[in-house]
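# Summary of the model geometry
One-letter residues, chain by chain:
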Amino acid sequence: MKFMKLGSRPDTFYTTEAVRSVSTEVSSDLIIQIKGYRYLLHKFPLFSKCLRLQRLCSESSDSSPQQLIQLTDFPGGVEAFETCAKFCYGITITLSSLNVVSVRCAAEYLQMTEEVEKGNLICKLDVFLNSCILRGWKDSMLTLQSTRSLPLWSEELGITSRCIDAIALKIHSHPSRLNWSHSTSRGRDDSSMCNGTENQRHRTASKGWWAEDIAELGIDLYWRTMVAIKAGGRIPTYLIGEALRIYASRWLPNICKDVNGSNKQHSGNDQGSETMSDITSKHRLILESIVSLLPTEKGSVSCGFLLKLLKAGNILGASHSSKMELARRVGLQLEEATVSDLLIPSLSYTNETAYDVDIVLSILEQFMQGQTPPTSPPRAKTSFEKRRRSRSAEHIDYEFQESRRSSSASHSSKLKVAKLVDEYLQEIARDANLPLSKVIALAEAIPDFARIDHDDLYRAIDIYLKSHSELSKSERKKLCRVLDCKKLSMEACMHAAQNELLPLRVVVQVLFFEQARAAVAGGQVTDLPSNIKALFVNHGDDTSRIQQQLGSKGNGPTDDEWSTASGLKSPKSKLSTLRMKLAEEDNDLDDNGHVRTSKLKGVFSIPSRPKRMLSKLWPSNRSGSERH
C-alpha cells in the first residue's frame, strides 16, 4: 500500500471531554463544531489555507473573542477535518488509499485550492492520486471501495471514474506490465500468488485473477467497472462470464458455490439492520444487473449458471424482461442442461404447480427457433455430371460441407434436448396440479425425428396416469396421442400390453407391433404381407436387427426399469387379456348414451391373419396423424 506524509511538526492535538484543542502558547480564537465535536483552533493557520472558513467567518455576525462556525454538512466527518486542520498547522499527516477520498472531499469543502496558497492540500492530493494510488491495483481497489461512503462528492470530483478507468486499464494490460500488488481482501489468494513461480503468476493472471477482487464491490460500482472492462474489448467473453458467476456466488444466496463448496453470502452485519424486503430488493437489483452484463456470445456462460439465475429470478420476483432474456439465452444452449437445472420452482400465486412449466416451454420455443433442421444429403451425381466436373471445382463443396456439419450439430442438439424433455416430464408428472395441456405441450414441443425411441415418453405418460387417476377416457386418449407405439422397445411394449391405465386403442397397437416383431424374429418374414413389411421399412427397422435384439432381450424388463412388469405373460395370454378388455369396451356407452360396439373386436378374432388386422387398425385412406 502506498502512502504519503506531509508536514514535519509533532502532533499537538489533545482531547478534553468532547473538545479537541491544539497545545500552543496562543489562546484559541476560533471554534469549529462538527457533529457534536468542538475544535478550539486559531484563525491564522486555518484562514491561510481554507477559503471557505474565511468567507464563513466574514459573513458571521458573531463578534465574540472565540468565533463559532458550525459545519453541519461536512464530508468525511471529524477525522477528515482534523487531517485538514493538522495540515494547516504543519503537523505530520499520513495519507493512503484508506483516507485519501475523505480528505480530498474535505479539502474540496474547505476550498483548499492553489488560489489561496501555492502547494495547498488539494493539489498535493491530486498528485498523490494520479502518480501513486491509481498506479497500483490494490490501492486503486481500496480507493474505489472507499468512495461508497461519499458517493456524490466522489462522483463530482471524478475520483470514482478515475479509479474505474485505472482498474479497467490494469485488467486490459499485459501481465508482464502489471503491478502485482493485488488481491485486496483475501490473504489466501495473496499467499497462493506468492508461493508460485513467475510463470504461475502469469498463468493465474491470464485466467481472470481480477474477478474475485472486483467481486467485493457493491453492485453500482461493479456494474460500472464491468462495463468499462467490456468496453475495452480485450478480455475474452468466457472470462467475463466467469467473473459474473463469481460475483453471483458472492452476493446472491444459494445461487452458486465456490470451489470449496461453501456458499458465499452477505455477512450478518450487513443484513442485521435491513428488513427482509430491503434484502430482497437488493438481491433483485443484483440479479437484474448481472443479466444486463451477460456477454452476447453463445457459450460465454454455462447453461447451468443461466438456469440458476432463472431460479433466483423466480424466487426474487425479477422483472419479466430479465427472465425472458435468461430464457432466450438458455434456449441457445439447452442441450447442456440437466433435469435438475430445469426444475425451476414456481412461486406465482396464479400457478399452483410445484415447478414453473411455462418458463420451460418458453425455453423450448427459443431453442427450436435457434436451431436449423438437418440438411438433407446431396443428390447423387450422374456419370455425365462427374465427367464434366473439373478437379478445381471440387473446392466449391467446402462451404456446403461446413453447413452440413453445422446442421448435424443442430440435429444432435435436438436429440439431446428430446431426451432431456422426456426425463423432465417424468419428474414433473407426479405433480397432482400439473394440467394435462402442459404435459401435451411439452411432449409436442419436440419434433418427431428428435425422438429415436418413445420409451422415456411412455414412462412419463405412465407416471402421469398413475398420479392422475381422475382423468377421463377422452383425456387419457388425448394424452396417448403423443405416443408412437412403433418407437417403443420390446421392454416398453411388454409393459404397455399389461398397463390397465392405457386406452384400449394403444394396447391394440402395442400388441399388434409385438406380434409383428415376433413373426419377424421367428423367421416368418416372407409370410408377412407387403404392407407390414413396408411399415417396418418406413420405420427404419432391419429384420435381422430386430431378430437379434429380440433374442437378447427376451427375458423382459427388470423391476428397476418397469415397476409393474413382473409376471409378464406370453403373447397368447396377452390376447386373452385383450379379449376381456374388448368385452368390457362393448358394454361401455359412447358420448351420445348409445351402447358402443367395439370396432376392434374382430382384430384378434383371426390372429393368424396380420394383413386383415392391419387393414382394420389403419384403413388405407387415413393419414398417419389421424390414426390416434
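Residues numbered from 1 in each chain as written. Predicted model: local features only at pLDDT ≥ 70, side-chain atom pairs only at ≥ 80, totals over all residues. Heavy atoms only, no water.

Within this structure, the stated rule accounts for 17 salt bridges. Residues Asp-11 and Lys-86 are paired through a salt bridge, measuring 2.9 Å at the closest nitrogen-oxygen approach. On the criterion of sequence distance, the pair formed by Asp-11 in the loop between strand E1 (3-6) and strand E2 (13-16) and Lys-86 in helix H3 (residues 77-89) is long-range, its members being 75 residues apart. A relative accessible area of 45% places Asp-11 in the partly exposed class. Between Glu-242 and Arg-245 there is a salt bridge whose closest N-O contact spans 2.8 Å. (Salt bridge = Lys/Arg side-chain N within 4 Å of Asp/Glu carboxyl O. Helix = DSSP H or I, 4+ residues; strand = E, 2+ residues; numbered from the N terminus. Buried < 20%, exposed > 50% of the residue type's maximum accessible area, 1.4 Å probe, protein only.)

To continue, consider the packing of aromatic side chains. Enumeration over the complete set of coordinates arrives at ten aromatic pairs. Centre to centre, the rings of Phe-512 and Phe-513 are 5.2 Å apart; their planes meet at 65 degrees, and the pair counts as edge-to-face. The class for Phe-512 is buried, based on a relative accessible area of 2%. What makes Phe-513 buried here is its relative accessible area of 5%. Here the aromatic residues Phe-13, Tyr-39, Phe-74, Phe-81, Tyr-89, Tyr-109 and Trp-153 are joined through ring pairs into a cluster of three or more. Of note, Lys-86 hangs over the ring of Phe-13, and the distance from its end group to the ring centre comes to 5.7 Å. (Phe/Tyr/Trp six-rings, centres within 6.5 Å; stacked < 30°, edge-to-face > 60°. Lys NZ or Arg CZ within 6 Å of the ring centre and 35° of its normal.)

Before going further, it helps to examine the packing of helix H16 (residues 303-316) against helix H17 (residues 320-332). For any two helices packed against each other, the geometry is given by the interaxial angle and the distance between the axes. The N-to-C vectors of H16 and H17 enclose an angle of 160 degrees; their axes lie 9 Å apart at closest approach. Taken together, the axes of H16 and H17 are roughly antiparallel relative to one another. As for how H16 packs across H17, the hand of that crossing is left-handed. Contacts from Cys-303, Leu-306, Leu-307, Leu-309, Leu-310, Gly-313 and Asn-314 in H16 reach Lys-323, Leu-326, Arg-329 and Val-330 in H17. Here the residues of the contact of H16 with H17 sort into seven nonpolar, two polar and two charged. (Axes fitted to C-alpha atoms, helices over the stretch in contact; angles between N-to-C directions. Parallel < 35°, antiparallel > 145°, perpendicular 65-115°, else oblique. Left-handed = near helix turned anticlockwise from the far one by under 90°. Contact = heavy atoms within 4.5 Å. Nonpolar A, V, L, I, M, F, W, Y, C, P; charged D, E, K, R; others polar.)

A few words on H17. Along its 13 residues, H17 runs 19 Å from first to last C-alpha, staying within 8% of the 18 Å computed at 1.5 Å per residue. Buried residues belonging to H17 abut helix H15 (276-293), H16 and helix H19 (357-370). (Expected span 1.5 Å × (residues − 1).)

Position of Ser-413 among the secondary structure elements: in helix H21 (residues 397-428). As a C-alpha pair, Ser-413 and Leu-334 span 79 residues in sequence and 8.1 Å in three-dimensional space.

For the rest of this paragraph, the subject is the sheet that holds strand E4 (residues 30-34). Strand order in this open sheet of five strands is E2-E3-E5-E4-E6, and the pairing throughout is mixed. Since the sheet does not close on itself, it has two edges, and those belong to E2 and strand E6 (67-70), each with one partner. Neighbouring strand axes in the sheet, compared pairwise and without regard to direction, differ in orientation by 25 degrees on average. With four bridges joining them, E4 and E6 adopt parallel strand pairing. The residue of E6 that forms the bridge with Ile-32 is Ile-69. Of the strands in this sheet, E2, strand E3 (19-22), E4 and strand E5 (37-41) touch H3, which is tilted by about 5 degrees from E5. (Pairing = 2+ DSSP bridges.)

Along its 13 residues, H3 runs 19 Å from first to last C-alpha, staying within 8% of the 18 Å computed at 1.5 Å per residue. Of all 13 residues in H3, twelve are buried, a share of seventy percent or more. Among the residues making up H3, those that are buried are Gly-77, Val-78, Ala-80, Phe-81, Glu-82, Thr-83, Cys-84, Ala-85, Lys-86, Phe-87, Cys-88 and Tyr-89. The first or second residue beyond H3 is Gly-90, which carries a positive phi of 80 degrees.

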